[in-house]
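Coordinate analysis (summary)
Listed below are the residues making up each chain.
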Amino acid sequence: MNFIYFYSINSTLLFINNSTENMSYKLTHLKELESESIFILREVAAQFEKPALLFSGGKDSIVMAYLAYKAFYPAAIPFPFVHIDTGHNFEETISYRDELVKRLGANLIVGSVQESIDSGRAVEEKGYNASRNKLQTVTLLDTLEQHKFDAALGGARRDEEKARAKERFFSHRDEFGQWDPKNQRPELWNIFNGKKQLGEHFRIFPISNWTEMDIWQYILQENIPLPSLYYTHNREVFERDGIWYAALDAMPRKPTEEVVVKKVRCRTIGDISCTGLSLSTADSLEEIIEEIASSRITERGGRSDDKRSEAAMEDRKKAGYF
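Small disclaimer: the values here were computed from a predicted structure and weren't measured.

Following Tyr73, the chain continues to Pro74 via a peptide bond in cis, the omega torsion being 10°. Turning to its location among the elements, Pro74 is positioned in the loop between helix 2 (59-72) and strand 5 (81-85). Positive phi outside glycine occurs at Asp241, with the angle close to 55°. Within the element layout of this structure, Asp241 appears in the loop between strand 10 (233-240) and strand 11 (243-246). By relative accessible area, which is 73% here, Asp241 ends up exposed.

Direction vectors running N to C along helix 1 (residues 29-47) and helix 6 (residues 212-222) enclose 95°, while the axes themselves pass 11 Å from each other. Taken as axis vectors, helix 1 and helix 6 run roughly perpendicular relative to one another. Facing His29, Leu30, Leu33 and Glu34 of helix 1, the residues of helix 6 in contact are Asp214, Gln217, Tyr218, Gln221 and Glu222. Of the residues in the contact of helix 1 with helix 6, the class split is three nonpolar, three polar and three charged.

Turning to the sheet that holds strand 6 (residues 108-112), a few remarks are in order. The strand order 6-5-4-7-9-8 describes an open sheet built from six strands, whose pairing is mixed. Because the sheet does not close on itself, it has two edges, and the strands there are strand 6 and strand 8 (170-173). Strand-to-strand twist across the sheet, computed as the mean angle between neighbouring axes with direction ignored, equals 30°. Two elements, strand 4 (residues 51-54) and strand 5, share two bridges in a ladder whose sense is parallel. Directly across from Leu53, in strand 5, lies its bridge partner Phe81. Packed onto the sheet, helix 1 meets strand 4, strand 7 (151-153), strand 8 and strand 9 (201-204) and runs at close to 40° relative to strand 8.

What follows concerns the pairing of strand 12 (residues 260-266). Across five bridges, the pairing between strand 10 and strand 12 is antiparallel. By the bridge assignment, Glu236 is partnered in strand 12 with Val261. Pairing between strand 12 and strand 13 (residues 277-279): three bridges, direction antiparallel. Bridge pairing in strand 13 places Arg265 opposite Ser278.

Parameters and conventions
- Residues numbered from 1 in each chain as written.
- Predicted model: local features only at pLDDT ≥ 70, side-chain atom pairs only at ≥ 80, totals over all residues.
- Heavy atoms only, no water.
- Helix = DSSP H or I, 4+ residues; strand = E, 2+ residues; numbered from the N terminus.
- Buried < 20%, exposed > 50% of the residue type's maximum accessible area, 1.4 Å probe, protein only.
- Axes fitted to C-alpha atoms, helices over the stretch in contact; angles between N-to-C directions.
- Parallel < 35°, antiparallel > 145°, perpendicular 65-115°, else oblique.
- Contact = heavy atoms within 4.5 Å.
- Nonpolar A, V, L, I, M, F, W, Y, C, P; charged D, E, K, R; others polar.
- Pairing = 2+ DSSP bridges.

Written as structure tokens, this is what we have:
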């Protein structure tokens, strides 16, 4: 009778079979993170009746999509993708979204912020600093309720922002879709409690323990295609409060804000009105990783929505934001 033993030394998983030669398999930190995320994705499929994956078109939700594909392959991804379209998205993001959904064989549900505005459910902001980013909350909650989703998978990471650092993997939301950071459940020994009352739901964050660098290294390792926005390109931009923005119709400019052409790329992608662009010459994943490793600016340092107040993200999350 053959026996197989395994133990771990310095992050190396050793398999010892008494009838074969010794084998060793290097368990890198990326493999550990991937395994944790896949475990959580499968837990969601097992515990919830109707989950959905929130897809923004950004690198984190793209990695989430590929993790979901890997978690259930060769079966189809057992939940739809939900994209909240502000109407002010980059064209490259929408094109990439449609191509990715087709490639992975996923189902896509789109919630429209413009429809929320037209129906009176949301009120559009006015002025030079107007943004539709906050309005996504209304559309998101309406979409979750309309389709009776009881779990929404998001690509948030704890290293992104201090409010997101408070999130559990299974983050409870009340019947109004609101988040109470002081009333979350313990998650000891990776035991996740998805029990809820009627009308409540959970936000699930499978990549909570990943860092920005982990995401980029994983994208490189897995050869995951990305929207062209993430690589350096020539674009008409203008500067406001030390941040470069795309000179597009969704961004009204002051008379003093001059449009110039610069080599830029996105470090994080969201609504046009709040997505700052980085001056960069990085046109490959290797160069992006090198650039991030030496950067003194945080990942969300160019996001104007985070600068509205000291607790801007936490306030949005409490109201039901991603």
